[in-house]
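Chain by chain, the residues:
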Amino acid sequence: RRGRQVVQLKCFFCFQPHKHHYVVYCYDTATQLWILFDDDKVQVVGRTYQEAADKCSAGGFMPHVFFYEREPSIQGHGQGQARPAPNSTLGLPAARPGAGSNGAAAAP
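Cut-offs and rules
- Residues numbered from 1 in each chain as written.
- Predicted model: local features only at pLDDT ≥ 70, side-chain atom pairs only at ≥ 80, totals over all residues.
- Heavy atoms only, no water.
- Helix = DSSP H or I, 4+ residues; strand = E, 2+ residues; numbered from the N terminus.
- Buried < 20%, exposed > 50% of the residue type's maximum accessible area, 1.4 Å probe, protein only.
- Contact = heavy atoms within 4.5 Å.
- Areas by Shrake-Rupley, 256 points an atom, 1.4 Å probe, with all protein chains shown as cover.
- Core = buried A, V, L, I, M, F, W, Y, C linked by side-chain atoms within 4.5 Å.
- Patch = residues over 30% accessible without salt bridge, like charges linked within 9 Å, V, L, I, M, F, W, Y side chains within 5 Å.
- Salt bridge = Lys/Arg side-chain N within 4 Å of Asp/Glu carboxyl O.
- Arc of directions from axis to C-beta.
- Pairing = 2+ DSSP bridges.

**Some thoughts on the overall build of the protein**
Looking only at helices and strands, the protein features one helix and six strands. Listed by position from the N terminus, the elements making up the protein come as β-β-β-β-α-β-β. When the 108 residues of the protein are sorted by exposure, 36% land in the buried category. Excluding contacts between residues fewer than 6 apart, the proportion of contacts in the protein whose partners are at least 24 apart in sequence is 48%. Carbon and sulfur atoms provide 52% of the accessible area of the protein, an area that totals close to 6800 Å².

Put into C-alpha coordinates, the structure is as follows:
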(Lines give C-alpha, C1' and ligand atoms only; values in the text may rest on other atoms or scores of the structure.)
Protein backbone atom coordinates (compact mmCIF):
# COMPACT_ATOMS: atom_id res chain seq x y z
CA ARG A 1 0.00 0.00 0.00
CA ARG A 2 1.35 3.41 -0.92
CA GLY A 3 1.29 6.49 1.32
CA ARG A 4 -1.92 8.26 2.17
CA GLN A 5 -3.38 10.63 -0.36
CA VAL A 6 -4.47 14.07 0.78
CA VAL A 7 -7.92 15.31 -0.15
CA GLN A 8 -9.56 18.65 0.47
CA LEU A 9 -13.22 19.25 1.20
CA LYS A 10 -14.54 21.46 -1.60
CA CYS A 11 -18.28 21.50 -1.11
CA PHE A 12 -21.10 20.06 0.98
CA PHE A 13 -24.89 19.92 0.64
CA CYS A 14 -27.16 20.51 3.61
CA PHE A 15 -30.85 19.64 4.00
CA GLN A 16 -33.45 21.34 6.21
CA PRO A 17 -35.98 18.55 6.90
CA HIS A 18 -38.83 20.72 8.17
CA LYS A 19 -38.78 23.03 5.15
CA HIS A 20 -37.60 20.39 2.63
CA HIS A 21 -34.93 22.81 1.46
CA TYR A 22 -31.33 22.27 0.30
CA VAL A 23 -28.37 24.66 0.39
CA VAL A 24 -24.75 24.17 -0.62
CA TYR A 25 -21.51 25.46 0.89
CA CYS A 26 -18.44 25.62 -1.38
CA TYR A 27 -14.82 26.49 -0.65
CA ASP A 28 -13.26 28.93 -3.13
CA THR A 29 -9.52 28.29 -3.17
CA ALA A 30 -8.80 31.57 -4.99
CA THR A 31 -10.29 33.71 -2.19
CA GLN A 32 -9.92 31.07 0.56
CA LEU A 33 -13.53 31.63 1.58
CA TRP A 34 -16.53 29.37 2.22
CA ILE A 35 -19.55 30.53 0.22
CA LEU A 36 -23.22 29.67 0.81
CA PHE A 37 -25.49 29.11 -2.21
CA ASP A 38 -29.17 29.25 -1.27
CA ASP A 39 -31.41 29.40 -4.35
CA ASP A 40 -30.68 32.83 -5.86
CA LYS A 41 -28.76 34.11 -2.81
CA VAL A 42 -24.97 33.86 -2.60
CA GLN A 43 -23.28 34.77 0.68
CA VAL A 44 -19.71 34.65 1.99
CA VAL A 45 -19.69 32.63 5.22
CA GLY A 46 -16.08 32.80 6.40
CA ARG A 47 -12.56 31.41 6.04
CA THR A 48 -12.92 28.15 7.95
CA TYR A 49 -14.94 24.97 7.55
CA GLN A 50 -16.10 25.42 11.15
CA GLU A 51 -17.76 28.74 10.25
CA ALA A 52 -19.62 27.05 7.37
CA ALA A 53 -20.60 24.05 9.52
CA ASP A 54 -21.83 26.34 12.32
CA LYS A 55 -23.97 28.33 9.88
CA CYS A 56 -25.40 25.10 8.47
CA SER A 57 -26.33 23.80 11.94
CA ALA A 58 -27.69 27.14 13.17
CA GLY A 59 -30.24 27.17 10.37
CA GLY A 60 -31.54 23.72 11.30
CA PHE A 61 -29.82 22.15 8.30
CA MET A 62 -28.02 18.81 8.33
CA PRO A 63 -25.00 18.07 6.10
CA HIS A 64 -25.74 15.18 3.73
CA VAL A 65 -23.23 14.97 0.88
CA PHE A 66 -19.54 15.97 0.93
CA PHE A 67 -17.40 16.52 -2.17
CA TYR A 68 -13.62 16.21 -1.98
CA GLU A 69 -10.78 16.91 -4.41
CA ARG A 70 -7.55 14.97 -4.39
CA GLU A 71 -4.48 17.15 -3.90
CA PRO A 72 -1.83 16.73 -6.63
CA SER A 73 1.47 15.09 -5.71
CA ILE A 74 4.66 17.12 -5.67
CA GLN A 75 7.81 15.60 -7.17
CA GLY A 76 10.41 14.88 -4.51
CA HIS A 77 8.04 15.17 -1.58
CA GLY A 78 8.49 11.52 -0.79
CA GLN A 79 7.89 8.42 -2.80
CA GLY A 80 4.21 7.48 -3.01
CA GLN A 81 3.06 10.44 -0.90
CA ALA A 82 0.80 13.31 -1.82
CA ARG A 83 1.48 16.89 -0.81
CA PRO A 84 0.01 17.62 2.62
CA ALA A 85 -2.64 20.33 2.63
CA PRO A 86 -2.51 23.12 5.21
CA ASN A 87 -4.08 22.09 8.52
CA SER A 88 -4.57 18.52 7.28
CA THR A 89 -5.67 15.86 9.72
CA LEU A 90 -5.79 12.09 9.74
CA GLY A 91 -9.00 10.08 9.69
CA LEU A 92 -12.00 9.96 7.46
CA PRO A 93 -13.52 13.43 7.06
CA ALA A 94 -17.01 11.90 7.04
CA ALA A 95 -16.47 11.01 10.69
CA ARG A 96 -14.90 14.40 11.48
CA PRO A 97 -15.87 16.69 8.55
CA GLY A 98 -13.27 19.30 7.73
CA ALA A 99 -11.21 19.02 10.87
CA GLY A 100 -8.72 21.47 9.34
CA SER A 101 -9.64 25.12 9.01
CA ASN A 102 -9.91 24.72 5.23
CA GLY A 103 -11.52 21.29 5.36
CA ALA A 104 -8.37 19.39 4.39
CA ALA A 105 -8.01 15.81 5.55
CA ALA A 106 -6.06 12.69 4.70
CA ALA A 107 -7.82 9.78 3.01
CA PRO A 108 -6.89 6.19 3.79
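**Some points on the nonpolar core**
Within the largest apolar cluster, 14 residues are counted, with the highest numbers of intra-cluster contacts made by Phe-12, Cys-14, Tyr-25 and Trp-34. Contributions of two or more residues to this core are made by strand S1 (5-16), strand S2 (21-28), strand S3 (33-38) and helix H1 (49-58). At four residues, the largest contribution of residues to this core is made by H1.

**Brief notes about a nonpolar patch on the surface**
Together, Phe-13, Tyr-22, Val-65 and Phe-67 make up a nonpolar patch on the protein surface, roughly 370 Å² of accessible area in all. Position of Tyr-22 among the secondary structure elements: in strand S2.

**Description of H1**
In an α-helix, one turn spans 3.6 residues; hence positions three or four apart end up facing the same way. Three or more residues of H1 are buried, namely Tyr-49, Ala-52, Ala-53 and Cys-56. Mapping the buried residues of H1 onto a view down its axis gives an arc of 95°, with all of them on the same face. One or two positions beyond H1, positive phi appears at Gly-60, with a value near 80°.

**Here we look at the environment of Cys-14**
In this fold, Cys-14 is placed in strand S1. Of the residues examined, Cys-14 reaches a relative accessible area of 0% and is grouped as buried. Placed 46 residues apart in sequence, Cys-14 and Gly-60 show a C-alpha to C-alpha distance of 9.4 Å. Once residues within four sequence positions are removed from consideration, Cys-14 is found in contact with His-21, Tyr-22, Val-23, Tyr-25, Cys-56, Phe-61, Met-62, Pro-63 and His-64.

**A closer look at the pairing of S1**
Within a regular beta strand, the side chains point alternately toward one face of the sheet and then the other, so they alternate between its two faces. Counting buried positions along S1 gives 10 out of 12 residues, so the element sits mostly inside the fold. Bridge count for S1 against strand S5 (residues 62-70) is eight bridges, and the pairing is antiparallel. Across the sheet, residue Val-7 finds its bridge partner in S5, namely Arg-70. Here S1 runs beside S2; their pairing, made up of six bridges, is antiparallel. Bridge pairing links Cys-11 to Cys-26 in S2. Between S1 and S2, which pair antiparallel and follow one another directly, the connecting turn spans four residues, one of which, His-20, has a positive phi of 50°.

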